[in-house]
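# Results of the structural survey
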Amino acid sequence: MQWHASDLGAQRSSPALPPRLLRRWWKRLTPARQDRFATFGPLLSVLLFLAAMVTAFWYLRTEEFDREQESVKRDTEIAQQQIRLRLIENQEQLLRMAREIATRAIDGDDIPGQALSFSRARPEVLGLAWFGADGLVKLEHLSANHPSELMRPVPGDTPAVAPSAESETAWAFATARELRQPVYSRPYETAGKVSVFQIHVPLLDRNAFAGTLAIEYSVEALLRQLVPSEVTRRHAISLLDGNDRVLASSVSREPDASNRRGGFVEAVPLAPANNGIVVRGQGWRTSIGLIGNALFWMVVALSALTVWMLLGSWRHMRRRAQIQSTLVSETNFRRAMENSMLTGMRAMDLEGRITYVNPAFCAMTGFSEDELIGRWPPFPYWPPDRIEENTRLLQQELQGRSPAGGVEIRIMRKDGMVFDARMYVSPLIDARGHQTGWMTSMTNITEAKRIRDQLTASHERFTTVLEGLEAAVSVLSVAQGELLFANRSYRLWFGGDARGHSWLAGADENLALLRESEDSVDSFGGLPAQELTEASADAREVFVARLQKWFDVRARYVQWTDGRLAQMLIATDITARRRAEEQAAHQAEKAQVTSRLITMGEMASSVAHELNQPLTAITNYCNGMVSRVRDDVIDKPALIAALEKTARQAQRAGQIIHRIRAFVKRSEPQRQPAHAKDIVEDAVELASIEVRRRNVEIRSYIAQRMPELRVDPILIEQVLLNLLKNAAEAIDNANLPSSRRHIELRVVPRHTAEEGGVIEFSVTDQGPGLKEEVLARLYEAFFSTKADGLGIGLSLCRSIVESHRGRIRAENLYNGAAVVGCRFAFTIPVEVPAVAAGTATVKLTETS
């Protein structure tokens, strides 16, 4: 940016004005020359103006004539081309028809149909005829709208002097027979005063002349149908014969010779006929009568010019006053603009002396204009402790080496207060293009610098907090894959490698989709950046094999400081927690096995009693058989029957031991297809050992055609066994009569809006029920109402049911206000997805 010395105000340098220069030049002339110039000046101006007007009129008139001539020529050629193309098209069609007739590709019955379609599509055709080799008409087709004399027989080979139908037909027929090619006749008039001409196409059968195929054209129809209407609206188009006789015209009456003298004429022969017909276009000049009007307006203009010259002096004085007023207004405007500026302006000459300051500069420094203008360095607004530095910057400024971005300096006001400012320097150029000094603009940046320092301190505090986090924080550019930020924990684990961010991102579908479009042009122009950045952070657990660590990763998309879309990750090391969860899951598995062992321990006496019966029976059967064998009083069938009874009792004892062994066997939880009926039968068989000892009956109801479940049968069996055992204990401890000493086990399918399709297992007894405070704490671990209970049975039951995505609930049964029993029910979903099953195992481990 360059400054001109005239911008400092009109009070320091008044610009030279053109009226002053003219006045000085006028004073240098002698009085005689002044009188001569005053006399001949207006006349010279009038003559020059007249010459200019005449030249301009002549040029415009010539240009108009040339354009009109070119337009006539172009339209004539367009008309000739349109007619020529139609004649060529018709000629080619006739050649095709003649070839088919000569080669007998079509018979005589098909020719009338082709002739009809040919003439119907071509209104300029008056008729079509087929002449034999002897000149007689073999077939004819006449137009319905125009009379034709085409079908007259050929009178002879010698045409008459004046063109006529007979002479032209004979001449065209003979010429076509001689030349063996299409021939156009000369134009002639029919009896109805219609100008026509013919074309004869020879029929050649194996190079032997077999006649001609002829059509007759209407010259008037050719002009009316084929010449575009916009051409005929612009100019008159006519068709003339060889004697310049008008055959057809687009105007109703042709202009006479006197009218054609001022017009433009263009004539071209009609091809491919070449029979003497000429296409003529004609236009007329429209500017012939404008010369008188032009001269009149020239006189008026010269008169006005003369009046203007007489008033020249008065206009000159008025213009001078206006210019002076404009100069004063411009000066006041510049002064007001300088006074309203908040940026301080200072001008110095080439030696460093202050030559100009604006009010804003004075307000910033506290010094008046008189105290600053004319001062040499050091300036009064320089702080005493920065005089040496400011002197160096001033020398750099005078040498023209100041940076384009400005220089930051300290300024001391007159009252001693110091503030920060930034100065920009540019050369000061006068009206002749010479540098006369330097212009400096100064801005107070104290507040801006304070805000910048606060932002810097805030950034440092934020960075310190991020560096102190134990979690790894990283920001990755989605487009370039560049690591934009990484805190200390990230660098400790992954260094400065951006691949660590990718390892932590894992299977981020959004990031993968964004990466796929990196190679496309403007691949991020249509991305929903706002939706991505406003979406909540998703959390997932990622295992990094390189570090053998588990991380809890939370990802979110943000817009970086430069507007780029980036992904931010916060990864927390959860390896210790995962190990604790795995250990808890292992302990839960042990607790399940322990619970089953405890259950069998509690049922030990019942199991011993159950096993004692078949063993006693086996002993009795064996002793009886031994005695009868010794006495030889047993036959073979009786012995076999006794042995079969002994085997059944042994098999019964084996089944009891196998069932107990399968129940208490330690194995991994395994989901597999299972039927509710099989699970219930196994559970009832085990529970019957304890239930019969307590003189309690189990009544089971299982619905038919239930869907298949995907569960761990042993775990569901454990839940049923615990519920049946608890119900039997409640009935036995309450000393209920035999009418109420039974347990009802029901298995039915249900469908609810919350759970969908489920199988419901319910165990109902008629015992004393449960207290409200017990119901509230029923599933707490290590809570039990039994004196010798561990309090893990129902807690494990709830964990097992919830691990299968089911629900368990307990409720008292009432008869009015009295409790008449208790009901435990749990549901198992019919279909449990594989992913949900895996997640449920983790939840089971955490609950137990």
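The rules behind each value
Residues numbered from 1 in each chain as written. Predicted model: local features only at pLDDT ≥ 70, side-chain atom pairs only at ≥ 80, totals over all residues. Heavy atoms only, no water. Helix = DSSP H or I, 4+ residues; strand = E, 2+ residues; numbered from the N terminus. Buried < 20%, exposed > 50% of the residue type's maximum accessible area, 1.4 Å probe, protein only. Contact = heavy atoms within 4.5 Å. Areas by Shrake-Rupley, 256 points an atom, 1.4 Å probe, with all protein chains shown as cover. Pairing = 2+ DSSP bridges. Axes fitted to C-alpha atoms, helices over the stretch in contact; angles between N-to-C directions. Phe/Tyr/Trp six-rings, centres within 6.5 Å; stacked < 30°, edge-to-face > 60°. Core = buried A, V, L, I, M, F, W, Y, C linked by side-chain atoms within 4.5 Å. Left-handed = near helix turned anticlockwise from the far one by under 90°. Nonpolar A, V, L, I, M, F, W, Y, C, P; charged D, E, K, R; others polar. Salt bridge = Lys/Arg side-chain N within 4 Å of Asp/Glu carboxyl O. pLDDT = per-residue confidence, 0-100.

## Concerning the overall build of the chain
- Scanning the chain from N- to C-terminus turns up 25 helices and 28 strands.
- Put simply, the chain has 848 residues, and 39% of those count as buried.
- Partitioning the contacts of the chain with sequence separation of at least 6, the portion at a separation of at least 24 is 60%.
- Within the structure as shown, the chain displays about 48100 Å² of accessible surface, and the carbon and sulfur contribution to it stands at 54%.

## Re the side chain of R122
- Its location among the elements puts R122 in the loop between α3 (111-120) and β2 (125-131).
- Its relative accessible area of 10% is what places R122 among the buried residues.
- Ignoring any residue separated from it by four or fewer positions in sequence, one finds R122 in contact with R86, E89, N90 and Q93.

## Some thoughts on the sheet that holds strand β27 (residues 807-815)
- A sheet is described by the order of its strands in space; here 5 strands give the open sequence β23-β25-β26-β28-β27, paired in mixed fashion. The strands lining the two open edges of the sheet, one partner per strand, are β23 (697-702) and β27. Neighbour-to-neighbour, the strand axes of this sheet turn through a mean angle of 20 degrees, independent of strand direction.
- Sheet topology note: the β27/strand β28 (residues 818-829) ladder contains 9 bridges and is antiparallel. Of the residues in β28, the one forming a bridge with A810 is F824.
- Helix α21 (residues 676-693) rests against β23, β25 (742-752) and β26 (756-765) of the sheet, and its axis sits at about 175 degrees to β23.

## Topic: the packing of aromatic side chains
- A full pass over the atoms with the stated rule returns 13 aromatic pairs.
- Aromatic pair F173 and F209: ring centres 5.7 Å apart, planes at 80 degrees, arrangement edge-to-face. Within this pair, whereas F173 is found in helix α4 (residues 165-179), its partner F209 is found in strand β7 (residues 208-218), the two being separated by 36 residues in sequence.
- Exposure remark for F173: the relative accessible area of 2% places this residue in the buried category.
- Members of the aromatic cluster, joined through ring pairs, are Y490, W493, F494, W503 and F551.

## Points about the nonpolar core
- Within the largest apolar cluster, 45 residues are counted, with the highest numbers of intra-cluster contacts made by V680, L720, I743, V747, F761 and F826.
- Listing elements by their share of this core, those giving two or more residues are α21, β23, β24 (709-711), α22 (713-733), β25, β26, α24 (793-803) and β28.
- Broken down by element, the residue count for this core peaks at 10 residues, all from α22.
- Those residues in contact with V747 that sit more than four places away from it in its chain are A676, V680, Y701, I702, A703, M706, I759, E760 and F761.
- Counting residues in each nonpolar core, the second largest holds 38 residues, with I83, L87, V219 and V279 among its members.

## A few points about the packing of α21 against α22
- In contact at an axis separation of 9 Å, α21 and α22 are set at 35 degrees when each is read in the N-to-C sense. Seen from above, α21 lies across α22 with right-handed handedness. Across from I679, V680, D682, A683, V684, L686, A687 and V691 in α21, the residues of α22 making contact are P713, I716, E717, L720, L721, L724 and A728.
- A per-class count over the contact of α21 with α22 returns 13 nonpolar, no polar and 2 charged.

## Focus on the sheet that holds strand β10 (residues 263-269)
- Ordered by their spatial adjacency, 4 strands build an open sheet running β9-β8-β11-β10, and the pairing between neighbours is antiparallel. The sheet terminates laterally at β9 (246-249) and β10, the two strands that pair on one side only. Sheet twist, expressed as the mean angle between neighbouring strand axes with direction ignored, is 25 degrees.
- Note: β10 against strand β11 (residues 278-284), 7 bridges, orientation antiparallel. Directly across from G263, in β11, lies its bridge partner W284.
- This element, helix α5 (residues 219-226), spans β8 (236-240) and β9 of the sheet and lies at about 30 degrees to β9.

## Here's the deal with the environment of T463
- By secondary structure assignment, the location of T463 is in helix α13 (residues 446-468).
- Taking C-alpha positions, T463 is 8.2 Å from N487, a pair spaced 24 residues apart along the chain.

## Let's talk about the pattern of salt bridges
- Taken as a whole and judged by the stated rule, the model has 40 salt bridges.
- Residue R96 pairs with E100 through a salt bridge whose shortest N-O separation is 2.8 Å. Of this pair, R96 and E100 both sit in helix α2 (residues 31-102), 4 residues apart, which is roughly one turn of the helix.
- Among the salt bridges present, the one from E744 reaches R746, with a minimum N-O distance of 3.4 Å.

## Considering the confidence of the model for the chain
- Overall, the predicted model of the chain reaches an average pLDDT of 77, with 74% of residues at or above 70.
- Scored below 50 in pLDDT, residues 157-161 makes 7 contacts in the model with residues more than four places away or belonging to other chains.
- Taken as a whole, residues 517-527 scores under 50 in pLDDT and shows 9 contacts with residues more than four places along the chain or in a different chain.

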